[in-house]
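If you want the building blocks of each chain, they are given just below.
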Amino acid sequence: MAGSPQSLPTSTTLTRRDKLGYGVGELGASLSYNAVNLFWLFFLVEVAGLEPSLAGWALVLGRVVDAVTDPLMGALYDRLRSRVAAWQYLFWGALPFGVSFALLWWLPFASPLLSFVVAAALLPVHTVIFTAVQVPYLALTPLLAPGYDERTSLSSYRVAFGTVASLFAAALPPVLAALFRGWFGGTGWFGVGVVFGAVASLAYLSTAWSLRRTVRGGGFADAGFADDSSANDNRADNHADNRLADDAALLTVGRPGVASLFRVRGYPQMLALFVTVTLGLGVLSSMLPFFLATRGLGPTTQTLTLGGLFVTAVLVLPLWTRVARWGGKARAFTIGLLLISAGLLLILTVPTGSVSPPLVLVTLLVGAGLATVLLFPWALLPDLVEVDALQHGTRREGLLYAVFTFAQKTAFAVGAWLNAQVLGLVGYQPGGAEQSPTAVLGVLLMVGPGAALLFAVAALLAWRYPHRRNDHRAAQQTLARRSDPATRR
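Residues numbered from 1 in each chain as written. Predicted model: local features only at pLDDT ≥ 70, side-chain atom pairs only at ≥ 80, totals over all residues. Heavy atoms only, no water.

**Student:** Any details on the overall build of the chain? Residues and values, ideally.
**Tutor:** Along the backbone of the chain there are 21 helices and 0 strands. Counting across all 489 residues of the chain, residues that qualify as buried make up 57%. Sequence separation of at least 24 residues holds for 83% of the intrachain contacts in the chain that already meet a minimum separation of 6. Within the structure as shown, the chain displays about 18800 Å² of accessible surface, and the carbon and sulfur contribution to it stands at 66%. (Helix = DSSP H or I, 4+ residues; strand = E, 2+ residues; numbered from the N terminus. Buried < 20%, exposed > 50% of the residue type's maximum accessible area, 1.4 Å probe, protein only. Contact = heavy atoms within 4.5 Å. Areas by Shrake-Rupley, 256 points an atom, 1.4 Å probe, with all protein chains shown as cover.)

**Student:** Outline the environment of Val-362, supporting the account with residue identities and numerical values.
**Tutor:** Relative to the helices and strands, Val-362 is located in helix α16 (residues 357-380). The spacing of Val-362 and Thr-349 is 13 residues in sequence and 9.6 Å in space, taken between C-alpha atoms. Every residue in contact with Val-362, bar those within four places of it in the chain, is listed here: Gly-343, Leu-346, Ile-347, Val-350 and Gly-367.

**Student:** Talk me through the packing of helix α13 (residues 267-294) against α16; I want residue IDs and the actual numbers.
**Tutor:** With their axes 11 Å apart at the nearest point, α13 and α16 run at an angle of 145° to one another. For the crossing formed where α13 meets α16, the hand is left-handed. Residues Met-270, Phe-274, Val-277, Leu-281 and Leu-284 of α13 lie in contact with α16, whose contacting residues are Val-366, Leu-370, Val-373, Pro-377, Trp-378 and Leu-380. Across the contact of α13 with α16, the residue classes tally to 11 nonpolar, no polar and no charged. (Axes fitted to C-alpha atoms, helices over the stretch in contact; angles between N-to-C directions. Left-handed = near helix turned anticlockwise from the far one by under 90°. Nonpolar A, V, L, I, M, F, W, Y, C, P; charged D, E, K, R; others polar.)

**Student:** If you had to explain the nonpolar core to someone new, which residues and values would you point to?
**Tutor:** With 131 residues, the main nonpolar core has Trp-40, Leu-44, Trp-105, Tyr-267 and Leu-337 as its most contacted residues. If we ignore the near neighbours within four places in the chain, the residues touching Leu-337 are Leu-273, Val-277, Thr-372, Val-373, Phe-455, Ala-458, Ala-459 and Ala-462. (Core = buried A, V, L, I, M, F, W, Y, C linked by side-chain atoms within 4.5 Å.)

**Student:** Tell me about the packing of aromatic side chains, and please be specific about residues and values.
**Tutor:** For the coordinates displayed, the defined rule picks out 18 aromatic pairs. Residues Phe-97 and Tyr-204 carry aromatic rings whose centres are separated by 5.1 Å and whose planes lie at 75° to one another, so their mutual orientation is edge-to-face. Of the two residues, Phe-97 sits in helix α5 (residues 85-103) while Tyr-204 sits in helix α9 (residues 188-216), which places them 107 residues apart along the sequence. By relative accessible area, which is 0% here, Phe-97 ends up buried. Look at Phe-290 and Tyr-428: their rings are 5.2 Å apart centre to centre, the planes differ by 90°, and that puts the pair in the edge-to-face class. One end of the pair, Phe-290, is in helix α13; the other, Tyr-428, is in the loop between α18 (397-425) and α19 (437-463), and 138 residues separate them in sequence. Grouping aromatic residues by their ring pairs yields a cluster made of Tyr-22, Tyr-33, Phe-97, Phe-130, Tyr-137, Tyr-204 and Phe-412. The lysine or arginine in question, Arg-331, covers the ring of Trp-463, its NZ or CZ lying 4.7 Å from the ring centre. (Phe/Tyr/Trp six-rings, centres within 6.5 Å; stacked < 30°, edge-to-face > 60°. Lys NZ or Arg CZ within 6 Å of the ring centre and 35° of its normal.)

**Student:** Describe in detail a nonpolar patch on the surface, supporting the description with residues and values.
**Tutor:** Residues Leu-95, Val-99, Leu-103, Trp-106, Phe-190 and Val-194 make up a contiguous nonpolar surface patch of about 520 Å² in total accessible area. Of all the secondary structure elements, the ones that give two or more residues to the nonpolar patch are α5 and α9. Sort the elements by how many residues they give to the nonpolar patch and α5 lands first, with 3 residues. Assignment of secondary structure puts Phe-190 in helix α9. (Patch = residues over 30% accessible without salt bridge, like charges linked within 9 Å, V, L, I, M, F, W, Y side chains within 5 Å. Salt bridge = Lys/Arg side-chain N within 4 Å of Asp/Glu carboxyl O.)

**Student:** Could you give me a rundown of the pattern of salt bridges, with the residues and numbers involved?
**Tutor:** Under the defined criterion, the tally for this structure stands at 1 salt bridge. In this structure, Glu-26 and Arg-158 form a salt bridge, with 3.1 Å as the shortest nitrogen-oxygen distance. With a gap of 132 residues between them, Glu-26 in helix α2 (residues 26-46) and Arg-158 in helix α8 (residues 148-179) connect regions that are remote in the sequence. Each member of the pair, Glu-26 together with Arg-158, is buried.

**Student:** Run through the side chain of Ser-30, naming residues and quoting values.
**Tutor:** Position of Ser-30 among the secondary structure elements: in helix α2. Of the polar contacts made by the side chain of Ser-30, one reaches the side chain of Glu-26; its length is 2.9 Å. Once residues within four sequence positions are removed from consideration, Ser-30 is found in contact with Ala-35, Gly-162, Ala-165, Ser-166 and Ala-169. (Polar contact = N/O pair within 3.5 Å; in protein donor to acceptor, adjacent residues only side chain to side chain.)

Take a look at the structure:
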């Protein structure tokens, strides 16, 4: 059973070069993900001229397709999983990823209705490509780093790159759009799309290039992958019947494969935690540009404020990794979520007109907590791969990550949709117009107490999360005994 998916070791050694090579790919995903979540609603309302409520529906309709494509992608990855599968997804998907992202910011239509139709069509195209590239990329984590703390370390590299990308996604669009002649209109936002799309494609290609020797030269041998193609093919043949049966279960009406995830101890709690956190981020991030605009802050000041959130997150990432080693990932996550809640409540004290001490304090608190949101969900999820394998007899990291990717995109879209409906209800006026007191209050309540409540609920869920380091170690030891021929005689 040396080649069995269950024979993963409990530890391995990854060099810093390995971790950097893997982590750089997150630049592509985070640039796209955060730019869309932070600014696409703002772009649709202020530039494309859509009514806020209609713009919200463009976001939601664009995510409907994910309900099918994300689980299918997870099943496909698990079926075709080999030493080169992830590399192929990254390599061949890199260029379409960047092109489809750039097109999201190209809506040169006089009719808002036509812009809505095109926007609602372009987002599904990009999200399908996003899924095809990002699910295999994320599913590499438990293969590259089987150990509990090693996964936190590897995830921290990916999150560090992702946080840098998030910094650029938050800070650069206002300045770039203005530079390309179009903060509230014109071609400025398409220029942002082209620049970010090119960087995203290059990031995924860099990871594919970095991993080419590892995945094609037997670098995964210690993780249960054979060193040559014939051995890999033989393993695939030996398990063909089981894998086909698994796939049939995953793709049948009702998806019993997906439903079975909710019988895995800790998975429902983890998914509920992740959805709550992401919903909070969706509300916060998509409303932040409107909040800063109603506070009279221009593109340059917005760049400094939004950039400050992610600079703070980058600086405190090593601290949170140490806290997790001392008290566990779930406890550290709980503390970070409480920091975000406290910071968002202080938004009520931020005055208008300029950068103020309350705004700086809010930026520091929310930024420090944001680092845990970026790090710990993706450091906790790989630990469930072994728990799931114990219960179902096969590793299904593709499916686990696909469901989480779908939940992430859907929760963000719902958060933005809620904001759009609120903007419509309070009478928000697009085009940089002066807002009524009701509109200003509606924006303030959503970005402050509304988002803070969601993060507080998430903190309670994180505190009650059932798995700890010893649970993960016990799962790996049990899998090792099952895969050892001596213990099966």
